[in-house]
Amino acid sequence: MTSSEFIIRGRTVVTPGGVAAAAIRVGGGRVVGVGEFDEAAGGREVVEVEDRFVLMPGLVDSHVHVNEPGRTEWEGFETATRSAAAGGVTTIVDMPLNSIPPTTTAGNLSAKRAAAEGKCHVDVGFWGGVVPGNVAELRALHAAGVVGFKCFLIDSGVEEFPHVGEDELREALGELASMGATLIAHAEVPGPVESASALAAGEARSYGTFLSSRPRAAEDEAVALLVRLCREMGARVHVVHHSSADALPLLRAAKEEGLPVTAETCPHYLSFAAEEIPDGATEFKCCPPVRERENRERLWDALGSGTLDMIVSDHSPCPEALKLREEGDFMRAWGGIASLQLRLPATWTEARKRGFDIEDLARWLCDAPARLAGFDGRKGRIAEGFDADFVVWDPEAEFRVEPSVIRHRHKLTPYLGRTLSGVVQATYLRGEKIYERGRDADGPPTGRLLARA
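Values in this document were obtained by computation on a predicted structure and should not be read as measured data.

1. Here's the deal with the overall build of the protein
Point 1. Counting secondary structure elements, the protein contains 12 helices and 18 strands.
Point 2. Expected size for 453 residues packed as a compact globule is a radius of gyration near 22 Å; at 21 Å, the protein falls within 12% of this value.
Point 3. Based on the C-alpha atoms only, the size of the protein along its principal axes is roughly 70 × 45 × 40 Å.
Point 4. In the protein, buried positions account for 61% of the 453 residues.
Point 5. Sequence-distant contacts, at least 24 apart, represent 75% of the contacts inside the protein between residues at least 6 apart.
Point 6. On the protein, roughly 15900 Å² of surface is accessible, and the fraction owed to carbon and sulfur atoms is 48%.
Point 7. Seen as two clouds, the 50 positive and the 67 negative side-chain charges of the protein have centres 2 Å apart.

2. A closer look at the environment of P395
Point 1. Positionally, P395 belongs in strand β15 (residues 390–400).
Point 2. With near-sequence residues (within four places) excluded, P395 lies in contact with R52, F53, V54, W348, R352, S421 and G422.

3. Some words on the sheet that holds strand β12 (residues 236–239)
Point 1. Pairing in this open sheet of six strands is parallel, and the strands run β9-β10-β11-β12-β13-β14 from one edge to the other. Where the open sheet ends on each side, the last strands, each with one partner, are β9 (128–129) and β14 (310–311).
Point 2. Sheet topology places strand β10 (residues 149–152) next to strand β11 (residues 182–186); four bridges connect them, and they run parallel. Bridging across to β11, K150 finds its partner in I184.
Point 3. With respect to the sheet, helix α4 (residues 166–179) is in contact with β10, β11 and β12, its orientation differing from that of β11 by roughly 150 degrees.
Point 4. Relative to the sheet, helix α8 (residues 248–257) contacts β12 and β13 (261–265), its axis offset from that of β13 by approximately 145 degrees.

4. Description of the sheet that holds strand β6 (residues 59–64)
By definition, the strands of a sheet pair up through backbone hydrogen bonds, in either a parallel or an antiparallel sense.
Point 1. Strand order in this open sheet of three strands is β6-β7-β8, and the pairing throughout is parallel. On the outer flanks of this sheet lie β6 and β8 (123–126), each paired with one strand and no other. This sheet shows a mean twist of 20 degrees between the axes of neighbouring strands, independent of strand direction.
Point 2. Packed on one face of the sheet, helix α1 (residues 77–86) meets β7 (89–94) and β8 and runs near 140 degrees to β7.

5. Focus: the pairing of strand β17 (residues 432–436)
Point 1. Across four bridges, strand β16 (residues 419–429) lies against β17 in antiparallel orientation. Directly across from L429, in β17, lies its bridge partner E432.
Point 2. Between β16 and the antiparallel strand that follows it, β17, lie two residues; R430 among them carries a positive phi value of about 50 degrees.
Point 3. With two bridges joining them, β17 and strand β18 (residues 439–440) adopt antiparallel strand pairing. Bridge assignment links Y435 to a residue of β18, and that residue is D440.
Point 4. Taking the residues that link successive antiparallel strands as the turn, the β17-β18 hairpin has two residues, and the phi of R437 there is positive, at about 45 degrees.

6. Considerations on the packing of aromatic side chains
Point 1. In the structure shown here, the tally under the stated rule is 14 aromatic pairs.
Point 2. Residues F152 and F161 carry aromatic rings whose centres are separated by 6.1 Å and whose planes lie at 75 degrees to one another, so their mutual orientation is edge-to-face. Each member of the pair, F152 as well as F161, carries the same accessibility label: buried.
Point 3. An angle of 70 degrees between the planes, with centres 5.0 Å apart, marks the rings of F356 and W364 as edge-to-face.
Point 4. Judged by its relative accessible area of 0%, W364 falls in the buried class.
Point 5. Members of the aromatic cluster, each reached through a chain of ring pairs, are F6, F390 and Y428.
Point 6. Taking NZ or CZ as reference, R11 lies 3.7 Å from the ring centre of F37, over its face.
Point 7. Looking at R71, its charged tip hangs above the ring of W74, at a distance of 5.2 Å from the centre.

Analysis parameters
Residues numbered from 1 in each chain as written. Predicted model: local features only at pLDDT ≥ 70, side-chain atom pairs only at ≥ 80, totals over all residues. Heavy atoms only, no water. Helix = DSSP H or I, 4+ residues; strand = E, 2+ residues; numbered from the N terminus. Rg over C-alpha atoms; globule rule 2.2 N^0.38 Å. Buried < 20%, exposed > 50% of the residue type's maximum accessible area, 1.4 Å probe, protein only. Contact = heavy atoms within 4.5 Å. Areas by Shrake-Rupley, 256 points an atom, 1.4 Å probe, with all protein chains shown as cover. Lys, Arg positive; Asp, Glu negative; His and termini not counted. Charge placed at Lys NZ, Arg CZ, Asp CG, Glu CD. Pairing = 2+ DSSP bridges. Axes fitted to C-alpha atoms, helices over the stretch in contact; angles between N-to-C directions. Phe/Tyr/Trp six-rings, centres within 6.5 Å; stacked < 30°, edge-to-face > 60°. Lys NZ or Arg CZ within 6 Å of the ring centre and 35° of its normal.

Worth remembering: the numbers are spatial, not functional.
Listed below in structure tokens is the structure:
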């Protein structure tokens, strides 16, 4: 823990003005000023960040499946937010599905918030859901503080959160546009998947069999639909966990047209390649799938050009039994990757190989997700008036991903056994140190439940 008024300073501090030596004045849980490294302390405690470490805004992860209540055995608020803090993440936004009930009514949001109360080690916001028949619920959900609304354009995998078709989507977008609310969409449509699945042949243990069942065309057609409806309805649209490089020209053209369209991708699409996934390694299964090596490099190029705006975890864990690891059946295993704690090192390990720097990292992992969730002005930057949320990390240190270091409820992840660069040293939430070198802060969790500004 740290006193309520102090200075934290370092030689490598990431602020909106760039990367430089700086002293950050903290008071009342907020940043009250950013000054020169050697400015007078004025009687305040001074926290010194070692010269080799980076001081960056606390990470914001706008795509996390916590699953509590209803599937807390998959993941819960206590374990999810503890792992977030260990990964330098100070704010997460919970997805509206995989919990029971799903966050598709204001009453269900209340149940979700009640389940989270008192358990969160970091701040938590909530997405609402768009499903068939709940358009009349959207305004009440918005008023209750959800940051926006999530839909699926294809079967979600859980029966309590069905997908929407074009007519239902158009109706919902009209309502969201009138409220100024954001739609985030799982962008795959059923037609190409159904056709490909009917033709798919091969051993179910082969990753290639699964990959052929989720073709790029499913994403490409979904992105085209979303862009068209965005143009027609005027609502802000965001594409989640984007995988298909073939749809990048559609996204780029939409941005050039001035449409309010943004898109994210995930560390697993940027780290792994289909050609390298072993038979039976179902921990790699997710939807959309990890695609080929050339696809991965085009996603990196799109991040560099701004066509893709951010990198989020899409942390979607489940009990190991649902991954069918012993059978290795890609076609039947649950699709989802556990990675909330590893987003910073997984991204940095690959980004630095391609010439990206820590400013790029802060934009993708902090600022852009905060803006998507409507927390800009509060989260995602080290700037006056923002919450004093920080991560201190060592960009040169390496570690091997082992079950013993993972704080997610379930330890199975495709990163197991990999050596990653970038070790989190400390995490601060509103000026309070909540994690340091493998240890949590003493005392009860201090995370807050956030509502849309």
